Amino acid sequence: MRPIRMQPGIPMNTVTTIDFARARSQMVERYLVHRGIDSRPVLEAMRVVPRERFLPPELEEFAYVDAPLPIAEGQTISQPYVVAMMIEALELQGAETVLEVGTGSGYAAAVLAQVAGEVYTVERIGQLAEKAAATLSTLGVTNVHVLHGDGTLGWPEHAPYDAIVVAAGGPQVPETLKSQLKIGGRLVIPVGRDRRVQELLRIVRIGPHEYTTEELADVRFVPLLGAEGWAAAPGRARRLPKEAPLAAAVADCCEPFSSIDSADLEPLLERIGDARIVLLGEATHGTSEFYRMRERISRALIVAKGFNFVAIEGDWPDAARIDHFVRHREYAPSEWIAFARFPRWMWRNREVQQFVDWLRGHNAQKPAAERAAFHGLDLYSMYTSIQAVLDYLDRVDPKTARVARTRYACLTPWQSDPTVYGQALLTGDYRSCEQEVSVMLRELLQKHRVYAEHDGERFLDAVQNARLVADAERYYRMMYYGSRSSWNLRDSHMFETLKDLLRFHGTTSKAIVWAHNSHVGDSAATEMSARDEYNVGHLCRKDFGRSCYTIGFGTHRGTVAAASNWDEPMEIKPVRPSLSDSYERLCHDSGVPCFMLPLRSLPAALSELRQPRLERAIGVIYRPETELQSHYFEAVLPSQFDEYMWLDETTAVHPIRTEELKGVADTYPFGL
């Protein structure tokens, strides 16, 4: 191991441009301050360190997107929020000696240099160590010392350290690093039994052989390789020689179709059989063909098999507006515009509008009790749901309505941005509203008999809205403690809502669910299980077994409607061709543009599909510049889905433009 010495260079504050400085400041406010980073030294450091200088030239324009970005040797530079969160967790005061394991580009070391006294950083890959040292020297950083070596063994010559931070995920905490901590020192490290997903831990040394451990967040880092980390993986055998036969087997075993409208669904309906729940996925939240094929399948299930309702990955009160329209309900509809918040295009698009119009026409020929319903499963609409509960109580129990207003007022300060509620609780600046919203839900349930006499449907709506408020309060409270807890709460809420709907519609009722692949595919067959995450698909299989039939969707390339960041404008983005070693590339290589692939009874020719592969997931945010890190995960497709729907080249959904809706009736759910 050899230290790399740096020569003094130009001052750091002379290298950024005005545009980069503005972008950096916006990044700090939007992605750090608003997400709970409140350490003044850390925020100031993030404001001055030029992240663009640590990136390849072609990626400089993405420097202040809150995302990991690729650098040399298959490594990544961590997203700004994670860098800030980890350094803040070290609780530095300004004069400490810090060890960093995993120098990478040198960006985190440069931030540490602004916050600590001396920084010693160890990088396993010689090329990265050399380049990081050169960049830091050019920027005039003189208190960072770079070593090319095995980071799991630390840098004993300068131990003990006040703090140690590890920028790679290990299978356990290296004992050598723990031994190099001072008494009272803090070690922040990602640890997990899976190479791709970890729990961020903070370990504090409280005695010669005593340590405390605290979980901070779910994270994803490159593997920590070395003597006390993961063993270096041997060169991965090229699978290409086997890909051609397997792709040919996919072509032989699939059921091709030339277009969505002409696809023969009879074999699919036969495979679905007597299933009570059919889960229809999507690989993106903005692909026209996925919506159109789900519509075709849903129409067939409603007409041929008597399915009673469609439940979507959308908010309950917004879907209730649609339900009022498609079932020709007699009472006045809700006053709000359906699906008017971000991401508007996900449900306010022509593809959904076409299905809604068909469903209304289909129901017009049916008695009221036999009309197919349209429901929402999600929990983001906390304040719309509060208003729905209050409106209901105003009609059936004005006295309780006054009490409800007092209780729900606890959440009023966060109406414009509920995510800030969790931040306020985390910082201790505000008390929890858990008791108020929970009591309100209990009182509604206790008055079931009295209220249900007015109208069972409307009581169901009120109860689901009250339950949504209670779960949403927990969701926004928990989201700052890690993604696993909030993800599991959200999918549990959707699953419990689905079960409530099945109970309400009767013991023989049948449900169609529209949601992303990541919600409907069995999480036990993906890397989600390594993070102890579960989803609707897994819960359905657990409770309903083979009475649940799951269909996943995939595509190779095309266009998609998505945003670059949360709550930013929709863009029509090109979908990059799928990566090699992915299920999508295998399907593309089959040479069949559109097909259905049954997976429940897998033929021997497709047995290799049971080997884990990459799978792509694009949500409302798409970042093609970091596609591998941001949008791919490992899965076992035949265990994840019962059927796979392949559409090789796809196009973006068509959002409904305001001018298209002028003159429509007040009852129209997508109205102005």
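To start, this report covers the structure provided alongside it. (Residues numbered from 1 in each chain as written. Predicted model: local features only at pLDDT ≥ 70, side-chain atom pairs only at ≥ 80, totals over all residues. Heavy atoms only, no water.)

1. Notes on the overall build of the protein
So, step 1. Helix and strand content of the protein: 23 helices and 23 strands.
So, step 2. Put simply, the protein has 672 residues, and 57% of those count as buried.
So, step 3. Carbon and sulfur atoms make up 50% of the accessible area of the protein, which totals about 27500 Å². (Helix = DSSP H or I, 4+ residues; strand = E, 2+ residues; numbered from the N terminus. Buried < 20%, exposed > 50% of the residue type's maximum accessible area, 1.4 Å probe, protein only. Areas by Shrake-Rupley, 256 points an atom, 1.4 Å probe, with all protein chains shown as cover.)

2. Some words on empty space enclosed by the protein
So, step 1. For the coordinates displayed, the defined rule picks out one cavity of 30 Å³ or more.
So, step 2. Looking at the lining of the largest cavity residue by residue, the class counts come to two nonpolar, two polar and two charged. (1 Å grid on protein atoms, 1.4 Å probe; cavity = no way out; pocket = protein on both sides within 12 Å on 5 of 7 lines; lining within 4 Å. Points joined across faces, edges and corners; volume = space filled by probe spheres on them. Nonpolar A, V, L, I, M, F, W, Y, C, P; charged D, E, K, R; others polar.)

3. Some words on the pairing of strand β12 (residues 277–280)
So, step 1. Residues Ile-277 and Leu-279 of β12 are buried on one face, and the alternating residues Val-278 and Leu-280, pointing to the opposite face, are buried as well.
So, step 2. Judged from the four bridges that link them, β12 and strand β15 (residues 511–514) form a sheet pairing that is parallel. By the bridge assignment, Leu-279 is partnered in β15 with Val-513.
So, step 3. In the sheet, β12 pairs with strand β16 (residues 548–554) via four bridges, with the strands oriented parallel. Within β16, the residue paired with Ile-277 across the bridge is Cys-548. (Pairing = 2+ DSSP bridges.)

4. Some remarks on helix α20 (residues 536–544)
So, step 1. All buried positions along α20 are accounted for by Val-536, Gly-537, Leu-539, Cys-540 and Phe-544. For α20, the arc enclosing every buried residue in end-on projection is 165°, short of the 170-degree limit, so these residues lie on one face.
So, step 2. Directly beyond the C-terminal end of α20, a positive phi value near 55° is found at Gly-545. (Arc of directions from axis to C-beta.)

5. A few points about helix α3 (residues 80–89)
So, step 1. Among the 10 residues that make up α3, nine are buried, leaving the element largely enclosed by the rest of the structure.
So, step 2. Listed as buried for α3 are Pro-80, Tyr-81, Val-82, Val-83, Ala-84, Met-85, Met-86, Ile-87 and Ala-89.
So, step 3. Glu-91 occupies a position one or two residues after α3 and carries a positive phi of about 55°.

6. Let's talk about the sheet that holds β12
So, step 1. Pairing within the open sheet is mixed, and its eight strands lie in the order β11-β19-β22-β16-β12-β15-β13-β14. A strand with exactly one partner marks an edge of an open sheet, and here the two such strands are β11 (255–256) and β14 (373–378).

7. Observations regarding the pairing of strand β9 (residues 197–207)
So, step 1. Judged by how many residues are buried, β9 sits mostly within the fold: nine of 11 residues are covered.
So, step 2. Relative to strand β10 (residues 210–219), β9 runs antiparallel, the two sharing nine bridges. Looking at the pairing, Val-204 lines up with Thr-212 of β10.
So, step 3. Once β9 ends, the chain turns through two residues before running back antiparallel as β10.

8. Overview of the sheet that holds strand β17 (residues 557–562)
So, step 1. Spatially, β18-β17-β23 is the arrangement adopted by the three strands of the open sheet, whose pairing is mixed. Looking along the sheet, the strands with just one partner apiece sit at the ends: β18 (571–575) and β23 (649–650).
So, step 2. Pairing geometry for β17 and β23, over two bridges, is parallel. For Arg-557, the partnering residue across the bridge sits in β23 and is Glu-649.

9. Some thoughts on the pattern of salt bridges
So, step 1. The full count for this structure, using the stated rule, is 25 salt bridges.
So, step 2. Note that Arg-202 and Glu-214 form a salt bridge whose closest N and O atoms lie 2.9 Å from each other. With Arg-202 in strand β9 and Glu-214 in strand β10, this residue pair connects regions lying 12 residues apart in the sequence.
So, step 3. Residue Glu-214 is classed as partly exposed on the basis of its relative accessible area of 37%.
So, step 4. Where salt bridges share partners, they join Asp-522, Arg-541, Arg-600 and Asp-642 into one cluster. (Salt bridge = Lys/Arg side-chain N within 4 Å of Asp/Glu carboxyl O.)

10. A look at the nonpolar core
So, step 1. Among the nonpolar cores identified, the biggest contains 55 residues, and Leu-32, Met-46 and Leu-92 are the most heavily contacted of them.
So, step 2. Contributing elements (two or more residues each) for this core: α1 (18–32), α2 (40–48), α3, α4 (107–115), α5 (126–138), β6 (144–148), β7 (161–166) and β10.
So, step 3. Among the elements that make up this core, the one with the highest residue count is α3 (eight residues).
So, step 4. Beyond its immediate chain neighbours, meaning those up to four positions away, Leu-32 contacts Met-27, Ile-37, Leu-43, Met-46, Pro-80, Tyr-81 and Ala-84.
So, step 5. Counting residues in hydrophobic clusters, the runner-up holds 52 residues, among them Ala-263, Trp-347, Phe-355 and Val-620. (Core = buried A, V, L, I, M, F, W, Y, C linked by side-chain atoms within 4.5 Å. Contact = heavy atoms within 4.5 Å.)

11. Quick look at the side chain of Glu-295
So, step 1. When you line up the elements, Glu-295 lands in helix α9 (residues 288–305).
So, step 2. Relative accessible area serves as the criterion here: at 3%, Glu-295 is assigned to the buried category.
So, step 3. A distance of 3.1 Å separates polar atoms of two side chains, one belonging to Glu-295 and the other to Gln-354.
So, step 4. Once residues within four sequence positions are removed from consideration, Glu-295 is found in contact with Glu-351, Gln-354, Phe-355, Trp-358 and Trp-514. (Polar contact = N/O pair within 3.5 Å; in protein donor to acceptor, adjacent residues only side chain to side chain.)

12. Examining the packing of aromatic side chains
So, step 1. Per the stated rule, a full pass over the model turns up 14 aromatic pairs.
So, step 2. Relative to Trp-345, the ring of Phe-342 has its centre 5.5 Å away and its plane inclined at 85°; by these criteria the two rings are edge-to-face. For the pair shown, Phe-342 and Trp-345 are each scored as buried.
So, step 3. An aromatic cluster is defined as three or more aromatic residues linked by ring pairs; in this entry it consists of Tyr-291, Phe-339, Trp-347, Phe-355, Trp-358 and Trp-514.
So, step 4. One residue, Arg-35, lies across the ring of Tyr-81, its end atom 3.8 Å from the ring centre.
So, step 5. Sitting over the ring of Tyr-583, Arg-613 keeps its end group 6.0 Å from the ring centre. (Phe/Tyr/Trp six-rings, centres within 6.5 Å; stacked < 30°, edge-to-face > 60°. Lys NZ or Arg CZ within 6 Å of the ring centre and 35° of its normal.)

13. Things to note about unusual backbone geometry
So, step 1. Ala-159 connects to Pro-160 through a cis peptide bond whose omega is 0°.
So, step 2. By the secondary structure assignment, Pro-160 is in the loop between β6 and β7.
So, step 3. In this structure, Asp-581 takes a positive phi of about 70° despite not being glycine.
So, step 4. Within the secondary structure, Asp-581 sits in the loop between β18 and α21 (583–589).

14. A short note on the packing of α2 against α4
So, step 1. Following both chains from N to C, one finds α2 and α4 inclined at 130°, their axes separated by 9 Å at the closest point. It follows that α2 is oblique to α4 by the angle criterion. At the point where α2 passes α4, the crossing takes the right-handed sense. Contacts from Pro-41, Val-42, Ala-45, Met-46 and Val-48 of α2 reach α4 at Tyr-107, Val-111, Gln-114 and Val-115.
So, step 2. Considering only residue class, the contact of α2 with α4 consists of eight nonpolar, one polar and no charged. (Axes fitted to C-alpha atoms, helices over the stretch in contact; angles between N-to-C directions. Parallel < 35°, antiparallel > 145°, perpendicular 65-115°, else oblique. Left-handed = near helix turned anticlockwise from the far one by under 90°.)

15. Side note on the environment of Met-85
So, step 1. When you line up the elements, Met-85 lands in helix α3.
So, step 2. Met-85 gets classed as buried once you look at its relative accessible area, which sits at 13%.
So, step 3. Here the alpha-carbon distance between Met-85 and Ile-37, two residues 48 residues apart in the chain, equals 6.7 Å.
So, step 4. Once residues lying within four places of it in the same chain are set aside, the contact partners of Met-85 are Ile-37, Leu-200, Ala-217 and Val-219.

16. Some points on the state of the cysteines
So, step 1. All told, the structure shown has zero disulfides when counted by the stated rule.
So, step 2. Free cysteine Cys-548: the closest other cysteine sulfur is in Cys-540, separated by 4.8 Å.
So, step 3. Take Cys-587: it sits in no disulfide, and the sulfur closest to it among the cysteines is that of Cys-254, at 8.7 Å.
So, step 4. Taking the relative accessible area as the measure of exposure, Cys-587 reaches 3% and is therefore buried. (Disulfide = S-S within 2.5 Å.)

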